[in-house]
Amino acid sequence: MLATLGKRFLTVIPTLVGVVIVTFLLTRVLPGDPAVYFAGPAATPQSIAEIRKNLGFDKPLPEQFMRYVGDLAQGNFGNSLSTGRSVATEIKSRLPASAELTLLGLIVSILIAVPLGIFAAVKQGSWIDHTCRVVATAGVSLPVFFTGLLLVYLFYYQLGWSPAPVGRLDAFATAPPDITGFYLIDSLVTGNWETFRAALAQLILPAMTLAIFSLAPIARMTRASMLAVLASDFVRTARASGLNDRTVVITYAFRNAMLPVVTTLGMVFSFLLGANVLVEKVFAWPGIGSYAVEALLQSDFAPVQGFVLTMAVMYVALNLIIDLLYGFIDPRVRLEG
């Protein structure tokens with residue numbers, strides 16, 4: 001396993017280098033000039049040129065890139081032109097909000113999709129199987145922003161069961177002490193139950209939006225993988241030996257069907273990181289997705305570059321975790337490594 005992880009780390013370096021290069025070039029060819037934006041509509045060409053010089057955009061691209069790489073080597077993502085704050089500080093303060101939302105949405109999706117896929121495979125052709133297909137089709141067909149708006153309209157506007165979609169907490173709740181940045185965990189650690197209930201109430205609708213979006217691939221992969229394993233010889237042998245269905249399905253079949261499901265979970269998590277951008281805008285969630293969108297609209301390059309690089313690092317780390325899970329789930333992966 002250590003040798004396999006070492007090889008994976010070697011492939012991470014060129015991946016991150018490629019992300020840095022592509023991100024830098026893409027932000028430079030995007031339409032819009034930050035100097036023109038921040039100079040204002042009444043600015044003269046001389047003032048625009050002065051701002052462009054102060055920002056360093058008048059220098060050749062290779063020189064700008066080397067300066068950018070030098071700042072990254074020191075852990076400096078630059079400063080946001082719109083807020084004036086350090087991009088690293090902004091990402092550090094906003095990343096827990098996005099991570100908490102994404103992880104809760106993924107957990108809810110797993111708790112629903114995996115049992116649904118198992119029952120659909122065991123009861124093939126039954127109403128459970130048809131329900132799984134309907135849920136999967138609906139999850140794929142509905143855009144994530146439409147699902148979020150629909151849930152807000154139904155549960156907040158019509159029924160009044162959910163609080164207003166105004167961020168991580170409503171106006172009457174105070175944020176817990178910053179321990180992990182996750183409001184649910186921090187409020188539990190400090191025993192602040194009012195904040196915990198307020199944070200959970202704000203999380204339910206956006207987390208359900210992400211869960212509905214990710215239900216389809218997890219449920220379909222679980223069903224397909226379980227069907228393939230249930231038709232194998234060792235499962236038929238286990239049933240012929242007199243083992244009960246629960247032991248056969250959970251202990252033998254599901255464990256052997258987990259590898260494709262774990263792979264799908266990694267892909268779904270990366271999809272959720274992208275879908276977070278739209279969900280955060282719908283629910284006014286103060287995460288890094290909404291931060292990157294606002295910066296992009298203002299032609300603010302540094303936050304966009306920091307956002308893309310952060311997402312790339314998280315995606316690479318997720319792939320390494322999946323490789324570790326492979327070894328724990330199936331010993332044959334460790335032997336092959």
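We now turn to the structure provided with this report.

What counts, and at which threshold
- Residues numbered from 1 in each chain as written.
- Predicted model: local features only at pLDDT ≥ 70, side-chain atom pairs only at ≥ 80, totals over all residues.
- Heavy atoms only, no water.
- Helix = DSSP H or I, 4+ residues; strand = E, 2+ residues; numbered from the N terminus.
- Axes fitted to C-alpha atoms, helices over the stretch in contact; angles between N-to-C directions.
- Parallel < 35°, antiparallel > 145°, perpendicular 65-115°, else oblique.
- Left-handed = near helix turned anticlockwise from the far one by under 90°.
- Contact = heavy atoms within 4.5 Å.
- Nonpolar A, V, L, I, M, F, W, Y, C, P; charged D, E, K, R; others polar.
- Core = buried A, V, L, I, M, F, W, Y, C linked by side-chain atoms within 4.5 Å.
- Buried < 20%, exposed > 50% of the residue type's maximum accessible area, 1.4 Å probe, protein only.
- Phe/Tyr/Trp six-rings, centres within 6.5 Å; stacked < 30°, edge-to-face > 60°.
- Lys NZ or Arg CZ within 6 Å of the ring centre and 35° of its normal.
- Salt bridge = Lys/Arg side-chain N within 4 Å of Asp/Glu carboxyl O.
- Patch = residues over 30% accessible without salt bridge, like charges linked within 9 Å, V, L, I, M, F, W, Y side chains within 5 Å.
- Areas by Shrake-Rupley, 256 points an atom, 1.4 Å probe, with all protein chains shown as cover.

### Topic: unusual backbone geometry
Of note, alanine 284 is a non-glycine position whose phi angle comes to about 55 degrees, a positive value. With respect to the helices and strands, the residue alanine 284 is situated in the loop between α11 (245-282) and α12 (288-297).

### Some thoughts on the packing of helix α7 (residues 144-158) against α11
In the contact formed by α7 and α11, the axes pass within 9 Å of each other and the chain directions differ by 30 degrees. Between α7 and α11, the angle is such that the two are roughly parallel. Pair α7 / α11 crosses with right-handed handedness. Across from Val144, Phe145, Gly148 and Leu149 in α7, the residues of α11 making contact are Ala275, Leu278, Val279 and Val282. When its residues are assigned to classes, the contact of α7 with α11 shows seven nonpolar, one polar and no charged.

### Details of the nonpolar core
One finds Leu101, Leu106, Ile218 and Met226 to be the most contacted residues of the largest nonpolar core, which totals 62 residues. Once residues within four sequence positions are removed from consideration, isoleucine 218 is found in contact with Leu106, Ser109, Ile110, Ala113, Val114, Thr264, Leu265 and Val268. Formed by five residues, the second largest nonpolar core is a distinct cluster that contains Val20, Phe24, Leu72 and Leu309.

### Re the packing of aromatic side chains
Evaluated as defined, the whole model comprises three aromatic pairs. Ring geometry for tyrosine 153 and tyrosine 157: centres 5.5 Å apart, planes at 25 degrees, overall stacked. Placement of the pair is tyrosine 153 and tyrosine 157 together in helix α7, with a separation of four residues, close to one helical turn. With relative accessibility at 45%, the residue tyrosine 153 sits in the partly exposed group. We classify tyrosine 157 as exposed; its relative accessible area is 61%. Ring geometry for tryptophan 193 and phenylalanine 196: centres 6.2 Å apart, planes at 80 degrees, overall edge-to-face. Linking tryptophan 193 with phenylalanine 196, this pair stays in helix α9 (residues 193-230), spanning three residues, or about one helical turn. The exposure class of tryptophan 193 is partly exposed, given its relative accessible area of 48%. The side chain of arginine 168 reaches across the aromatic face of tyrosine 183, ending 3.7 Å from its centre.

### A look at the pattern of salt bridges
Applying the stated criterion to the full structure yields six salt bridges. As a salt-bridge pair, glutamate 194 and arginine 197 come within 2.5 Å of each other at their nearest N and O atoms. Of the two residues, glutamate 194 and arginine 197 both sit in helix α9, three residues apart, roughly one turn of that helix. For glutamate 194, a relative accessible area of 55% gives the class exposed. Taken together, the shared-partner salt bridges in this structure form one network comprising Arg85, Glu90 and Arg94.

### A few points about a nonpolar patch on the surface
A contiguous nonpolar surface patch, about 510 Å² in accessible area, is contributed by Leu142, Phe145, Phe146, Leu149, Leu150 and Leu278. Tracing the chain through its elements places leucine 149 in helix α7.

Any link to function would need more than the numbers given here.
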